[in-house]
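Read off the chains here:
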Amino acid sequence: ILAVLLAAFLVAALLFPDGYFNFVYVDGNHTYEFVRRDLEVYRPKLKPDAVLAGDDYALRGWREWGVKRAVDEAVREHAYEPIWLGRQFVLRLPP
């Protein structure tokens, strides 16, 4: 089932229990602090083996590489499996 919810990303996180999502796509504010926060807030909302994806990972110089830096840290700190790291990023949460 696919449902579209129109809400601020962080507000929407409050509407769902932990372990709810199989897939989350992040495309908000591209500064490091915001991307880092988005990834941290949604990590517990993912089911084991879920996919977390987003935009502008490798867009040259975009907001001082905020997306790339935050994603790279999340991979190191949370053992995400990188499936794709190009303009988009696609990560799998460990089972």
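Note that this is a predicted model, so its numbers are computed, not measured.

A look at the side chain of His30
Relative to the helices and strands, His30 is located in the loop between strand 1 (21–26) and helix 2 (32–42). A residue is classified by how much of its surface remains accessible, and His30, at 9% relative accessible area, is buried. In terms of polar contacts, His30 uses its side chain to reach the backbone carbonyl oxygen of Gly28, at 2.5 Å. Side chain to side chain, His30 and Asp56 meet in a polar contact 2.6 Å long.

Describing the environment of Pro44
Position of Pro44 relative to the elements: it lies in the loop between helix 2 and strand 2 (46–54). Classification of Pro44 as partly exposed rests on a relative accessible area of 37%. Between the alpha carbons of Pro44 and Thr31 there is a distance of 21 Å; along the sequence they are 13 residues apart. In contact with Pro44, not counting residues within four places along its chain, are Asp18 and Gly19.

A few points about the layout of surface pockets
Any space left empty among the atoms is revealed by the rolling of a water-sized probe across them. Looking at the largest pocket, its volume works out to about 650 Å³. For the lining of the largest pocket, the secondary structure elements donating two or more residues are helix 1 (9–13) and strand 1. When residues of the lining of the largest pocket are assigned to their parent elements, the largest contribution, 5 residues, is made by strand 1. Among the residues forming the lining of the largest pocket, the class breakdown is 16 nonpolar, 1 polar and 1 charged.

Quick look at the side chain of Asp38
Mapped onto the elements of the fold, Asp38 is located in helix 2. Among all residues touching Asp38, those that are not within four sequence positions of it are Phe9, Leu10 and Val26.

Things to note about the pairing of strand 4 (residues 89–92)
In regular strands, side chains alternate between the two faces of the sheet. Across the two faces of strand 4 the burial differs, with Phe89 and Leu91 buried and Val90 and Arg92 not buried at all. Pairing geometry for strand 2 and strand 4, over 4 bridges, is antiparallel. Note that in strand 4 the partner of Gly54 across the bridge is Phe89. Sheet topology note: the strand 3 (residues 81–85)/strand 4 ladder contains 4 bridges and is antiparallel. In the sheet register, Pro82 faces strand 4, and the bridge partner there is Leu91. What sits between strand 3 and strand 4 in their antiparallel hairpin is a turn of 3 residues.

Brief notes about helix 2
Among the residues of helix 2, Tyr32, Val35, Asp38, Leu39 and Tyr42 are the ones counted as buried. In a view along the axis of helix 2, the buried residues occupy a sector of 135°, so they form one face of it.

How each quantity is defined
- Residue numbers here run from 1 along each chain, matching the order of that chain's written sequence.
- Local features in this predicted model are restricted to residues of pLDDT 70 or higher, and side-chain atom pairs are both shown and tallied only at a pLDDT of 80 or more, whereas totals for entire chains, interfaces and linings draw on every residue.
- To get the side-chain values, take all heavy atoms of the structure and skip hydrogens and water.
- Put simply, DSSP marks the helices as runs of H or I at least four residues long and the strands as runs of E at least two long, and each gets a number from the N terminus on.
- The buried label applies to any residue whose accessible area, calculated with a 1.4 Å probe on protein chains only, is under 20% of its type's maximum; exposed applies above 50%, and partly exposed to all values in between.
- We define a polar contact as two N or O atoms separated by no more than 3.5 Å, with the added condition that, inside protein, one atom must be a possible hydrogen donor and the other a possible acceptor, whereas residues neighbouring each other in sequence contribute only through side-chain atom pairs.
- Contact definition: two residues touch when any of their heavy atoms are within 4.5 Å.
- Of the two site types, the cavity is a set of points on a 1 Å grid over the protein atoms alone where a 1.4 Å probe fits but cannot get out, and the pocket is an open set with protein on both sides within 12 Å along at least five of seven lines, each lined by residues with an atom within 4 Å of a point.
- Grid points are joined across faces, edges and corners, and a volume is the space filled by probe spheres set on the points.
- When residues are grouped by polarity, Ala, Val, Leu, Ile, Met, Phe, Trp, Tyr, Cys and Pro land in nonpolar, Asp, Glu, Lys and Arg in charged, and all others, Gly among them, in polar.
- Only strands that DSSP links by at least two bridges are regarded as paired with each other.
- The directions considered for the arc are those from the helix axis to the C-beta atoms.

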